[in-house]
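# Reading the structure
Residues per chain are reported as follows:
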Amino acid sequence: MKVANIDHRAHLVEGGLYFDIAQASDGRFPADPQAVFGRWQEISDWAAGSSLGNGRPYRASELLPPVPRPRQIFAVGLNYLEHAAEARVEPPREPMVFTKFFTSLTGPRGTVALPSAAVDWEVELVVVIGRAAWQIEAEDGWKYVAGLMIGQDLSDRARQFAGSQPQFSLSKSSPGFSPIGPYVADVREVPDPDDLAIECSVNGEVMQRDRTASMLFSVGEIMARLSRILPLLEGDIIFTGTPAGVAIGRTPQRYLRAGDRLASRIEGLGEMLHDMTGAATAAREHGTQPGRN
């Protein structure tokens, strides 16, 4: 099962067509994309055994953030050994966790404004919580996951390192800095969710390429450690870290520029495409309303 957000309504995506969940279920399930995660298992069982009726083709430009209003957005830093090496820091002994803010969310297609000349790419596997998790064990982590999607943890390095100490959450939460999508894929339909090919390219040049099996802390371990401190709630999302190949680790450094096209791909989860613009251009196009792409 793949669930997308089209016109602010939850849709199943199947065979190049999409089906409005509320309409196809005769109102049994909600139209609100955020509400489906509290009933993920029930909707999955229904979708597997029901005739969905007539679907229609969709355009990628119609896709909105598939998780539009998560109550909590977690992100894990330095979760790949080679990324820690390019950052010239010791690999963390505990997951390095920060938060990204809701207004940074955007969909899998569109434009992103560059607030500085030092905006970096960071492709990541994003986990969507399917049921509340509190003080769970790592081996049980996947039982609490609804699905997976692609994410970008875009980072303004100028803001991040402007002070005496790094500033993580604010430097990674400008409007459009948390693209997610193109849909949420049911984790049970992903052949090996612990080992997926992941890559990012700029203007067709591959910048990052690895497998999620290279993560220092697995999805289950991340969830277990987070859940020892606070509950994970249905519809929460976790950015699980980025591989090596970011701009700040290159010699010479090469950051995103207006006109660049950023492509993000994960095996079995599709692709996201975003075009970079200057701040003034993006403000005119989007009316300075974050999270609406």
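Think of each chain on its own: its residues are numbered from 1, step by step along the sequence as written. Local features in this predicted model are restricted to residues of pLDDT 70 or higher, and side-chain atom pairs are both shown and tallied only at a pLDDT of 80 or more, whereas totals for entire chains, interfaces and linings draw on every residue. With hydrogens and water excluded, all non-hydrogen atoms of the structure serve as input to the side-chain values.

## Side note on the packing of aromatic side chains
Here a ring pair, both rings aromatic, is described through the centre-centre distance and the interplanar angle of the planes. Between 30 and 60 degrees the pair is tilted, below 30 it is stacked and above 60 it is edge-to-face, where a pair is any two Phe, Tyr or Trp rings, Trp via its six-membered ring, whose centres lie within 6.5 Å. Per the stated rule, a full pass over the model turns up four aromatic pairs. Ring centres of Tyr18 and Tyr58 lie 5.9 Å apart, and the angle between their planes is 55°; this geometry places the pair in the tilted category. Placement of the pair is Tyr18 in strand S3 (residues 17–20) and Tyr58 in the loop between strand S4 (56–57) and strand S5 (63–64), with a sequence separation of 40 residues. Throughout, exposure labels follow a simple rule: accessible area from a 1.4 Å probe, protein chains only, divided by the maximum for the residue type, with under 20% read as buried, over 50% as exposed, and the rest as partly exposed. Judged by relative accessible area, which is 6%, Tyr18 ranks as buried. Exposure remark for Tyr58: the relative accessible area of 25% places this residue in the partly exposed category. Taking the centre distance of 5.4 Å and the plane angle of 10° together, the rings of Phe37 and Trp40 count as stacked. Using a relative accessible area of 0% as the deciding quantity, one classes Phe37 as buried. Relative accessible area serves as the criterion here: at 6%, Trp40 is assigned to the buried category. Numbered from the N terminus, helices here are DSSP runs of H or I no shorter than four residues, and strands are runs of E no shorter than two.

## Some points on helix H2 (residues 40–49)
The α-helix winds at 3.6 residues per turn, so residues separated by three or four positions along the chain end up facing the same way. All of the buried residues along H2 are Trp40, Ile43, Ser44, Trp46 and Ala47. Down the axis of H2, the sector holding all buried residues measures 165°, keeping them to one side. Opposite the buried face of H2, by more than 90 degrees, sit the exposed residues Ala48 and Gly49. Starting at the helix axis, one direction is taken to each C-beta atom, and the arc is that of these directions.

## Some details on the nonpolar core
Only buried residues count toward a nonpolar core. Its members are Ala, Val, Leu, Ile, Met, Phe, Trp, Tyr and Cys residues joined through side-chain atoms within 4.5 Å. If you look at the biggest cluster of nonpolar residues, it comprises 50 residues, and the most contacted ones within it are Trp121, Leu148, Met223, Leu232, Ile238, Leu256 and Leu269. If near-sequence neighbours (up to four positions away) are discounted, Met223 is found in contact with Ile129, Ile136, Gly141, Tyr144, Val145, Leu232 and Ile238. Counting 27 residues, the second largest nonpolar core, distinct from the first, contains Leu12, Phe19, Leu52 and Ile73. Any two residues whose heavy atoms approach within 4.5 Å are treated as being in contact.

## Description of the pattern of salt bridges
Put simply, a salt bridge is a Lys or Arg side-chain nitrogen that is within 4 Å of an Asp or Glu carboxyl oxygen. Applying the stated criterion across every chain, the model contains 22 salt bridges. Between Asp195 and Arg211 there is a salt bridge; the shortest N-O distance is 2.7 Å. One end of the pair, Asp195, is in the loop between strand S14 (178–186) and strand S15 (197–202); the other, Arg211, is in strand S16 (residues 205–211), with 16 residues separating them in the sequence. Here Arg261 makes a salt bridge to Asp275, at a shortest N to O gap of 2.9 Å. Of this pair, Arg261 sits in strand S18 (residues 261–266) while Asp275 is found in strand S19 (residues 270–278), placing the two residues 14 residues apart along the sequence. Three or more residues are tied together by salt bridges with common partners; here these are Lys100, Asp120, Glu122, Asp153, Arg157 and Lys172.

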